[in-house]
Amino acid sequence: MKTAPTTMTFFERFEADILSGKKVITIRDESESDYVVGTEVEVSTYEDNRRFCRLAINSVDPIMFDELNSYHAEQENMTLEELKNIIEEIYPNKGQLYVISYQLV
């Protein structure tokens, strides 16, 4: 059995939204889908690995790229077009993704 991840990184541009509670999900690909509901993770910036909070993992749900909707965008604190553009930039040609919901600890 794989060990639950204990860390998560976000691009610096998302830090304020996470800390303010405006961003409550992250959408990741298969390589980052093994987070475990009920665990907590230390969160750092992707660019310089600067720790900025802890998050509790609430759910990890598979989703197809084409199923992303305005509700997901709202949870990410952006428009659906922005969300899809960012995901395509980070995970090009990915059909299967995972919605990870969390809350600040």
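All values derive from a computational prediction rather than experimental measurement. Counting of residues starts from 1 at the beginning of each chain's written sequence and follows it residue by residue. In view of the model being predicted, local features appear only for residues whose pLDDT reaches at least 70, and side-chain atom pairs are presented and counted only at 80 or more, with totals across whole chains, interfaces and linings using the full set of residues. As a rule here, side-chain values come from all non-hydrogen atoms in the structure, and water together with hydrogens is ignored.

(A) Layout of helix α3 (residues 80-90). Three exposure classes are used, based on accessible area relative to the maximum for each residue type with a 1.4 Å probe and protein chains only: buried under 20%, partly exposed in between, and exposed over 50%. Per the convention used, a helix needs a DSSP run of H or I reaching at least four residues, while a strand needs a run of E reaching at least two, with both numbered from the N terminus. Looking only at α3, the buried set comprises Leu83, Ile86 and Ile87. Each buried residue of α3 sits inside an arc of 100° when the element is viewed along its axis, so together they form one side. Of the exposed residues in α3, those oriented more than 90 degrees away from the buried face are Glu81 and Glu89. If you follow the buried residues of α3, they end up packed against β2 (25-28), α2 (70-75) and β5 (96-104). Of all possible arcs, the one meant is that of the directions from the helix axis to the C-beta atoms. Residues are treated as being in contact if the distance between any of their heavy atoms lies within 4.5 Å.

(B) Inspection of unusual backbone geometry at higher detail. Positive phi, close to 55°, is recorded for Asn49, a residue that is not glycine. With respect to the helices, strands and loops of the structure, Asn49 is situated in the loop between β3 (40-45) and β4 (51-64). In the Ramachandran plot, Asn77 falls in the positive-phi region, its phi being about 60° despite a non-glycine side chain. Here Asn77 is to be found in the loop between α2 and α3.

(C) Structural context of the pairing of β4. Inspection of the sheet shows β3 paired to β4 by five bridges, in the antiparallel sense. Along β4, the bridge assignment pairs Glu42 with Arg54. We call two strands paired when DSSP finds no fewer than two bridges between them. Between the antiparallel neighbours β3 and β4 lie five residues, among them Asn49 with a positive phi of about 55°. Bridging between β4 and β5 involves nine bridges; their strand directions are antiparallel. Paired with Met64 across the strands is Gln96, a residue of β5.

(D) Spatial organisation of the sheet that holds strand β1 (residues 7-10). Spatial ordering of the open sheet is given by β1-β3-β4-β5-β2, a layout of five strands whose pairing is mixed. The open sheet terminates on both sides in strands that have one partner only, identified here as β1 and β2. Put simply, the sheet's adjacent strands are angled 40° from each other on average, direction ignored. Axis lines are fitted through C-alpha atoms, for helices just across the contact stretch, and the angle between N-to-C directions can take any value from 0 to 180 degrees.

(E) Spotlight on the pattern of salt bridges. When a carboxyl oxygen of Asp or Glu lies within 4 Å of a side-chain nitrogen of Lys or Arg, that pair is called a salt bridge. If you walk through the whole model with that rule in mind, you get six salt bridges. With its nearest N and O atoms 2.2 Å apart, the salt bridge here joins Glu76 to Lys23. Of this pair, Glu76 sits in the loop between α2 and α3 while Lys23 sits in the loop between α1 (15-20) and β2, placing them 53 residues apart in sequence. Lys23 carries the same exposure label as Glu76, and that label is buried. The partner of Glu42 in a salt bridge is Arg51, with the nearest N and O atoms 2.1 Å apart. Overall, the relative accessible area of 24% leaves Glu42 in the partly exposed class.

These figures capture arrangement, not role.
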